[in-house]
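Understanding the architecture of this molecule
One-letter residues, chain by chain:
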Amino acid sequence: MSDDDDLFTLIMLFTGLGGFGIFSAATLLAPVQTWLIETGILLKANGLLVELPWAPGVGLDLGRCIVGGCVVILLLVLVVWASARLRTDDK
């Protein structure tokens, strides 16, 4: 076998394992999805802005997308602030 054959085999192996991981994560996280629907974080409705690919009819509306985006931006700002503060403390 050549190096190209080994590389191709590794790529096929990791691609297959990645697909299996996505399937098992969607199956194993079903109780978490149910809890998120019960608490109101996810909606079960038609015409959602973002729909989960493994659960048709479940997803986020515009308001929840905006709140989620703000949380992500806030986390990024906190990480940048903390890393800048650590850099100045080291000097």
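Calculation notes
- Every residue gets a number counted from 1 within its own chain, in the order that chain's sequence is written.
- With pLDDT at 70 or above as the cut-off, local features in this predicted model cover only qualifying residues; side-chain atom pairs require 80 or more to be listed or tallied, and sums for whole chains, interfaces and linings still use all residues.
- Only heavy atoms go into the side-chain values, all of them from the structure, while hydrogens and water stay out.
- Numbering goes from the N terminus for both helices and strands, where a helix is a DSSP run of H or I of at least four residues and a strand is a run of E of at least two.
- Residue contacts are counted whenever heavy atoms from the two residues lie within 4.5 Å of one another.
- Here the Shrake-Rupley method, with its probe set to 1.4 Å, supplies the accessible areas, and only the displayed protein chains count as covering residues.
- Patches here are clusters of residues that have more than 30% relative accessible area and form no salt bridge, with a 9 Å joining cutoff for like charges and a 5 Å cutoff for nonpolar side chains (Val, Leu, Ile, Met, Phe, Trp, Tyr).
- Any carboxyl oxygen of Asp or Glu within 4 Å of a side-chain nitrogen of Lys or Arg constitutes a salt bridge here.
- For every residue, the predictor reports its confidence as pLDDT, a number between 0 and 100.
- Only when DSSP finds a minimum of two bridges between them are two strands counted as paired.

1. Let's talk about the overall build of the protein chain
- From N to C terminus, the protein chain includes 3 helices and 3 strands.
- Walking the protein chain from its N terminus toward its C terminus, one meets helices and strands in the order α-α-β-β-β-α.
- Within the protein chain, counting contacts between residues at least 6 apart in sequence, those at least 24 apart form 7% of the total.
- For the protein chain, the computed accessible surface area is about 7500 Å², with 73% contributed by carbon and sulfur atoms.

2. Thoughts on a nonpolar patch on the surface
- Nonpolar side chains collect at one region of the surface, where Val67, Val71, Leu74, Leu75, Leu78 and Trp81 lie side by side and expose about 610 Å² of accessible area between them.
- Among the secondary structure elements, Leu75 is positioned in helix α3 (residues 62-90).

3. Topic: the confidence of the model for the protein chain
- Chain-level pLDDT for the protein chain is 81 on average; 79% of the residues reach the 70-or-more range.
- The weakest mean pLDDT in the protein chain belongs to helix α1 (residues 3-28) at 67; the strongest belongs to α3 at 91.

4. Some words on the sheet that holds strand β2 (residues 50-51)
- With antiparallel pairing, 3 strands are arranged side by side in an open sheet as β1-β3-β2. For this open sheet the edge positions go to β1 (43-44) and β2, each flanked by a neighbour on one side alone.
- Pairing between β1 and strand β3 (residues 58-60): 2 bridges, direction antiparallel. Looking across to β3, one finds that Lys44 is bridged to Val58.

5. Let's talk about the side chain of Gln33
- Position of Gln33 relative to the elements: it lies in helix α2 (residues 30-39).
- The contacts of Gln33, once residues within four sequence positions are left out, are Leu42, Trp54, Ala55 and Val58.

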